[in-house]
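Chain by chain, the residues:
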Amino acid sequence: MIYNIAIDGPAGAGKSTIARRVAKELSFIYVDTGAMYRAMALYLLRREVNKDDTEQIGNICQDAEISIEYQNGEQIVLLNDENVNSYLRTEEVGNMASVSSAVPRVREKLLSLQRKLARDMSVVMDGRDIGTTILPDADVKIYLTASSLTRAKRRYLELQEKGTVCNLDEIQKDIEERDQRDMNREISPLRQAEDAVLVDSSDLTIQQVVDRILQIFRSKTSGEKSHES
């Protein structure tokens with residue numbers, strides 16, 4: 001059986017951390033959609049596209065094939081069958097990804113690639129619009145959230161550990177402003193799918209959140225239809 005788990009939620013809710021752990025527990029593929037956008041940006045850079053020419057970007061992106069698999073326990077992003085992990089975190093690729101991800105035909109291309117992965121294998125995918133747009137028929141949909149203060153505190157501690165001077169109130173304000181942008185954007189706004197289960201991680205440990213999602217998954221897929229009514 002192939003199963004799909006969609007995890008959506010606002011910035012700082014811990015989606016990627018949780019999704020990776022859930023995928024590992026279930027031996028599913030964790031689909032890092034951000035890494036796929038970066039792989040596309042790398043492809044466009046290699047093809048020397050003009051980043052201001054959205055028509056050119058939209059045309060050239062059609063020839064990119066991007067997939068994800070595991071090799072020796074490590075997630076590998078494949079661009080036309082080449083392992084491109086070592087190229088994805090450069091500033092140049094990040095800047096191009098920021099530009100190209102806003103091009104509708106790039107989003108359409110990656111959406112089709114992400115859906116293909118979900119058809120071919122069991123996946124856990126996280127983002128802003130997985131359950132509403134990318135995998136509307138996912139077996140389990142989770143809307144993972146936490147209070148803006150909780151998310152700000154997490155980010156504050158991360159920055160402090162890196163030695164970055166920061167202000168908790170400013171971080172919380174930035175998070176709340178980003179929430180508003182994500183919820184009100186024109187394409188695929190952030191919202192909880194009607195059939196998604198709300199999981200608030202404000203007062204939970206990472207493992208408690210993982211256990212809760214695993215419990216939801218096993219309940220939904222155990223064949224006990226009463227859980228779905």
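Residues numbered from 1 in each chain as written. Predicted model: local features only at pLDDT ≥ 70, side-chain atom pairs only at ≥ 80, totals over all residues. Heavy atoms only, no water.

As annotated in an unreviewed UniProt entry, the protein carries the name Cytidylate kinase and comes from Blautia obeum A2-162. Quoted verbatim from the Subcellular location (unreviewed entry) field of UniProt, the annotation for the protein is "Cytoplasm". Note on the protein: under the UniProt heading Sequence similarities (unreviewed entry), the record states "Belongs to the cytidylate kinase family. Type 1 subfamily." (UniProt positions renumbered as here; feature names shortened; annotations may be inferred.)

### A closer look at the domain arrangement of the protein
Under the domain assignment, the protein is made up of domain 1 (1-12 + 125-214) and domain 2 (29-121). Placing the centre of domain 1 and that of domain 2 at their C-alpha centroids yields a distance of 22 Å. Tallying the contact residues gives 13 residues for domain 1 and 11 residues for domain 2. Surface buried jointly by domain 1 and domain 2 totals about 920 Å² across both partners, of which 56% is contributed by carbon and sulfur atoms. (Domains from an automatic or database assignment. Contact = heavy atoms within 4.5 Å. Buried area = accessible area lost by both parts, 1.4 Å probe.)

### Quick notes on the confidence of the model for the protein
Here the protein averages 91 in pLDDT, while 97% of its residues score no lower than 70. The model gives residues 224-229 a pLDDT under 50, and that stretch makes three contacts with residues more than four places away or in other chains. (pLDDT = per-residue confidence, 0-100.)

### A look at the side chain of Lys141
Along the chain, Lys141 falls in strand 7 (residues 140-145). Of the polar contacts made by the side chain of Lys141, one reaches the side chain of Asp195; its length is 3.1 Å. Contact partners of Lys141, with chain neighbours within four places excluded, come to Ala6, Gly131, Leu135, Pro136, Ala193, Asp195, Ala196 and Val197. (Helix = DSSP H or I, 4+ residues; strand = E, 2+ residues; numbered from the N terminus. Polar contact = N/O pair within 3.5 Å; in protein donor to acceptor, adjacent residues only side chain to side chain.)

### Concerning the pattern of salt bridges
Scanning the model with the defined rule gives 10 salt bridges in all. Note that Lys109 and Glu65 form a salt bridge whose closest N and O atoms lie 3.4 Å from each other. In this pair, Lys109 is assigned in helix 5 (residues 104-120) and Glu65 in the loop between helix 3 (54-60) and strand 3 (66-71), connecting sequence segments 44 residues apart. Salt bridges sharing partners connect three or more residues here, namely Arg20, Asp32 and Arg89. (Salt bridge = Lys/Arg side-chain N within 4 Å of Asp/Glu carboxyl O.)

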